[in-house]
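Observations on the three-dimensional arrangement
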Amino acid sequence: LMEARSNTPTDADLTRWDRDHHLHPWASTDSWRKDDYMRINTADGIYLWDSTGKKFIDGPGGMWCVQIGYGRKDMADAIAKQVVEMPYASPWSSTSEPAAVLARRIAEMTPGDLNTVFFTTGGSTAVDTALRTVQFYNNRLGRPDKKLIIAREKGYHGSTYLASSVTGKERFNTKFDKSDLVRFLPDVNPYGRPEGVSLEDWCDQKVADLETLIAEEGAENIGCFIAEPILCSGGVIVPPPGYHQRTLEVCRANDILYISDEVVTGFGRLGHWFASQEVFGIEPDMITCAKGLTSGYLPLGACIVSDALMTAMEEPEGAEVFYNGFTYSGHPVSCAAALKNIEIMEDEDILGHVQRVAPHFQDRLRAIGERFDIVGDVRGMGLLGCIECRLDLPRKSLEADLKFGARLDAVCEEMGLMLRPFGNMAVFSPPLIISKEETDRMFDIMEAGLEKLSAEYDG
Ligand code: PLP
């Protein structure tokens, strides 16, 4: 024990080891192995404490995932129980009670005939599974040319090869290669639309973009369309009303499968288990989810497939193996965590809570848009929000504006609120258990931060 104690790393050790040996997501070559990351030591409810003991409201909710908040002992107990009882079972040759119960539970939550669940290790692998399912389906039906994938500029779908290939964001400046099976539709953000174009016209144009692309490439060459109901990592972009239904209709008319990527919007973020049908009125062919499924306590994702698609894959003569799977597909401990997460969300009526708090959250967000000149757009839905800095005021430095997100995050962090910076935007998606008072505290800090930034500009 004495030896273990003397080996306890110091703060300086941890900083150095992380800097020298830990490559973080999206690290830049000019700062990797130089950057020091904030080290989070403890967490409870919506709060985080860093290694210096400073307390923060967790604005991003981990990474859009910590729905039930941190430090839930009942979650820890459920996880521990499963670890002791049976921590692992190969999904190739066996199943487990948590996996079977969770699959049925998810099938109940999803719309229409989406009744078959393929478990994955996270969101990217859920997206990969959905895209590979399209390939399996069309190859099996003897349509090997029906392969192209339609995705959208600013969409984010993950970091495996195919999932990153359908990710529109920053695709022009990456040194990673991408699959050549993907075609992108232009930005759907209503905020960027030309002056004088109504929301209805904008929706018409965005649907026309899809129709034009299909006409150009030929429906016989297009396998699927993948879309987040709200483009979250792209800056919480809410497409114009009617867009989802109309794009789904276009896909149906052209025999193109529709994949709804609900990795962020699933599990309560918009006040429903899934948003596709209940918020946007669509029944896709597949839904992908992850993140909020376990509230981030353990990794897990899922791709949920419609009965129609399952049946269509069965119909051709001759059996073929669905060669897709992960060692940790249906991991018993992750599934037990997801079941406990769902139980907590039900027992504490977290969906109802989101529906009650969200209008106030969105009101406070809109008030920011009206109050601050430097803010060009505010947008959001449910407990998702984004503040975008204007780039068109001549008195401002464009370079500073392009770093607006990081600057707003920095001033807010001083006052105890973390945000997620993204270029000239800051996004936030706090744990769903956030109270009305905590919501006010969060927006009070944001307003104080914006006052500081505004003062800099006016000087
Ligand atoms: N899809 C969407 C919509 C996401 O926002 C993300 C992650 O942010 C992913 C997929 C990828 O999920 P993961 O990071 O768990 O692989």
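Relevant structure appears above.
These remarks concern the structure in this document. (Residues numbered from 1 in each chain as written. Predicted model: local features only at pLDDT ≥ 70, side-chain atom pairs only at ≥ 80, totals over all residues.)

End to end, helix H11 (residues 332–347) covers 22 Å across 16 residues, agreeing with the expected 22 Å (1.5 Å per residue, within 8%). Within H11, the full set of buried residues consists of Pro332, Val333, Ser334, Cys335, Ala336, Ala337, Ala338, Lys340, Asn341, Ile342 and Met345. Taken together, the buried residues of H11 touch helix H4 (73–85), helix H5 (97–109) and helix H12 (350–371). Two residues or fewer past H11, aspartate 349 is found with a positive phi of approximately 45°. (Helix = DSSP H or I, 4+ residues; strand = E, 2+ residues; numbered from the N terminus. Expected span 1.5 Å × (residues − 1). Buried ≥ 20, exposed ≤ 12 C-beta atoms within 10 Å, placed from the backbone. Contact = placed C-beta atoms within 7 Å.)

Next up on the list: the sheet that holds strand S10 (residues 301–306). Ordered by their spatial adjacency, 7 strands build an open sheet running S4-S10-S9-S8-S7-S5-S6, and the pairing between neighbours is mixed. Looking at the sheet topology across the chains shown, the edges are occupied by strand S4 (114–120) and strand S6 (182–185). Across the sheet, the mean angle from the axis of one strand to that of its neighbour is 20°, orientation sign disregarded. Each of S4, strand S5 (148–152), strand S7 (222–227), strand S8 (257–261), strand S9 (286–289) and S10 is contacted by helix H6 (residues 123–140), which is oriented at about 30° to S10, the strand it contacts most. In this fold helix H8 (residues 199–217) packs onto S5, S6 and S7, with an angle of close to 150° to the strand it touches most, S6. (Pairing = 2+ DSSP bridges. Axes fitted to C-alpha atoms, helices over the stretch in contact; angles between N-to-C directions.)

Close to the ligand lie 14 residues; Gly122, Gly123, Ser124, Gly158 and Val263 are nearest. It is H6 that provides the largest number of residues to the shell around the ligand, a total of 3 residues. (Near = placed C-beta within 6 Å.)

Quick look at the nonpolar core now. If you look at the biggest cluster of nonpolar residues, it comprises 112 residues, and the most contacted ones within it are Cys224, Ala302, Ile304 and Leu417. The dominant element in this core, judged by the number of residues it contributes, is H11, at 7 residues. Shared between two domains, this core takes at least three residues from each, and those domains are domain 1 (38–68 + 350–458) and domain 2 (74–347). (Core = buried A, V, L, I, M, F, W, Y, C linked by C-beta atoms within 7 Å. Domains from an automatic or database assignment.)

In this section: the environment of aspartate 74. Residue position: aspartate 74 is located in helix H4. With 12 C-beta atoms packed within 10 Å, aspartate 74 lands in the exposed category. Expressed as a C-alpha distance, the spacing of aspartate 74 and asparagine 341, which sit 267 residues apart in the sequence, is 9.4 Å. Setting aside residues no more than four positions away along its own chain, aspartate 74 makes contact with Lys340 and Ile344.

Attention shifts here to the packing of H4 against H11. Viewed as axis vectors pointing N to C, H4 and H11 meet at an angle of 150°, and their least axial separation amounts to 9 Å. One way to sum up the angle between H4 and H11 is to call them roughly antiparallel. Relative to H11, H4 is oriented so that their crossing is right-handed. Across the interface between the two elements, Asp74, Met75, Ala78, Ile79, Gln82 and Val83 from H4 touch Pro332, Val333, Ala336, Ala337, Lys340, Asn341 and Ile344 from H11. Classifying every residue of the contact of H4 with H11 gives 9 nonpolar, 2 polar and 2 charged. (Parallel < 35°, antiparallel > 145°, perpendicular 65-115°, else oblique. Left-handed = near helix turned anticlockwise from the far one by under 90°. Nonpolar A, V, L, I, M, F, W, Y, C, P; charged D, E, K, R; others polar.)

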